[in-house]
Amino acid sequence: MINPDFEKEIDITIKKAAEPQNNNSVVIIGDINEKLINEAQKHGINLAGYRHNIDIYGIKHSLKRHGNKDREKLQGQLPITAKDIKNAMEYVYKYNSCSFGEKNEQGRDIIKLYKQMPDGYMLYIEEIRTKRHTLTLNSMRKYKNPKK
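Here is a short report on the structure shown in this document.

What counts, and at which threshold
- Residues numbered from 1 in each chain as written.
- Predicted model: local features only at pLDDT ≥ 70, side-chain atom pairs only at ≥ 80, totals over all residues.
- Heavy atoms only, no water.
- Salt bridge = Lys/Arg side-chain N within 4 Å of Asp/Glu carboxyl O.
- Helix = DSSP H or I, 4+ residues; strand = E, 2+ residues; numbered from the N terminus.
- Buried < 20%, exposed > 50% of the residue type's maximum accessible area, 1.4 Å probe, protein only.
- Phe/Tyr/Trp six-rings, centres within 6.5 Å; stacked < 30°, edge-to-face > 60°.
- Lys NZ or Arg CZ within 6 Å of the ring centre and 35° of its normal.
- 1 Å grid on protein atoms, 1.4 Å probe; cavity = no way out; pocket = protein on both sides within 12 Å on 5 of 7 lines; lining within 4 Å.
- Points joined across faces, edges and corners; volume = space filled by probe spheres on them.
- Nonpolar A, V, L, I, M, F, W, Y, C, P; charged D, E, K, R; others polar.
- Axes fitted to C-alpha atoms, helices over the stretch in contact; angles between N-to-C directions.
- Left-handed = near helix turned anticlockwise from the far one by under 90°.
- Contact = heavy atoms within 4.5 Å.

1. Side note on the pattern of salt bridges
So, step 1. Within the structure shown, the criterion is met by nine salt bridges.
So, step 2. Note that Lys86 and Asp11 form a salt bridge whose closest N and O atoms lie 3.0 Å from each other. Of this pair, Lys86 sits in helix α5 (residues 82–86) while Asp11 sits in helix α1 (residues 6–17); the two residues are 75 residues apart in sequence, bridging distant segments of the chain.
So, step 3. The partly exposed category is assigned to Lys86, whose relative accessible area is 37%.
So, step 4. In this structure, Asp84 engages Lys142 in a salt bridge whose closest nitrogen and oxygen atoms are separated by 2.8 Å. Of this pair, Asp84 sits in helix α5 while Lys142 sits in strand β7 (residues 134–144), and the two are 58 residues apart along the sequence.
So, step 5. Owing to a relative accessible area of 8%, Asp84 belongs among the buried residues under this scheme.
So, step 6. Each of Asp55, Arg108, Glu127 and Arg129 takes part in a single network of salt bridges with overlapping partners.

Spelled out as structure tokens, the structure:
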């Protein structure tokens, strides 16, 4: 099931993420789909019953570490914006490819979802939280198409 209030809830949570306090808030995107469950099973990961979600920490990280236009340009990337975060459903349900087998800085397993965009592609990284049965936004990066 997809969260019918996602757009309203993500707007509120993005605003909260801009505040200096660290009061966490979580927005459920929805249940993961069969496509991702099947991909994960090929790698020995059981994601049946898991949901996609976004918390304030994933938003803060994505905007703070990957939202600076000048810094991202030096790395050949485009800056992450609030609009990119609002488009999360597009990345988690309509991704073009995915990869498994890596860990984040905290040592937790992650899933990388790649979504082709008109001007490049989005890398949407989710942390697998087994205790809560969630795939939670860990980070995002936006790459522009290479010049031909």
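So, next bit.
2. Notes on the packing of aromatic side chains
So, step 1. A complete count under the given rule lists three aromatic pairs for this structure.
So, step 2. For the ring pair Tyr91 and Tyr124, a centre distance of 5.8 Å and an interplane angle of 40° mean the geometry is tilted. A residue pair is termed long-range when its members are at least 10 positions apart, and Tyr91 in helix α6 (residues 88–93) and Tyr124 in strand β6 (residues 120–129) qualify at 33 residues.
So, step 3. Aromatic pair Tyr114 and Tyr121: ring centres 6.2 Å apart, planes at 50°, arrangement tilted.
So, step 4. Its relative accessible area of 23% is what places Tyr114 among the partly exposed residues.
So, step 5. Here the aromatic residues Tyr114, Tyr121 and Tyr143 are joined through ring pairs into a cluster of three or more.
So, step 6. The ring centre of Tyr95 lies 4.2 Å from the NZ or CZ of Lys35, which sits over that ring.

3. Re the layout of surface pockets
So, step 1. A volume near 410 Å³ is recorded for the largest pocket.
So, step 2. Around the largest pocket sit 21 residues that line it, and His61, Asn104, Glu105, Gln106 and Asn138 are the ones nearest its centre.
So, step 3. Counting only elements with at least two residues in the lining of the largest pocket, the list comes to α3 (56–66), β4 (97–103), β5 (109–117), β6 and β7.
So, step 4. Broken down by element, the lining of the largest pocket gets its largest block of residues, five residues, from α3.
So, step 5. When grouped by side-chain class, the residues that make up the lining of the largest pocket number four nonpolar, seven polar and ten charged.

4. Focus: the packing of α1 against α3
The description of two packed helices rests on the angle between their axes and on the distance between the axes.
So, step 1. Interhelical geometry of α1 versus α3 gives an angle of 65° and a closest axis separation of 9 Å. Helix-helix and strand crossings are classified by hand; for α1 and α3 the assignment is right-handed. Taking contact as the criterion, the partners of Ile10, Thr13, Ile14, Lys16 and Ala17 in α1 are, on α3, Ile56, Ile59 and Lys60.
So, step 2. Here the residues of the contact of α1 with α3 sort into five nonpolar, one polar and two charged.

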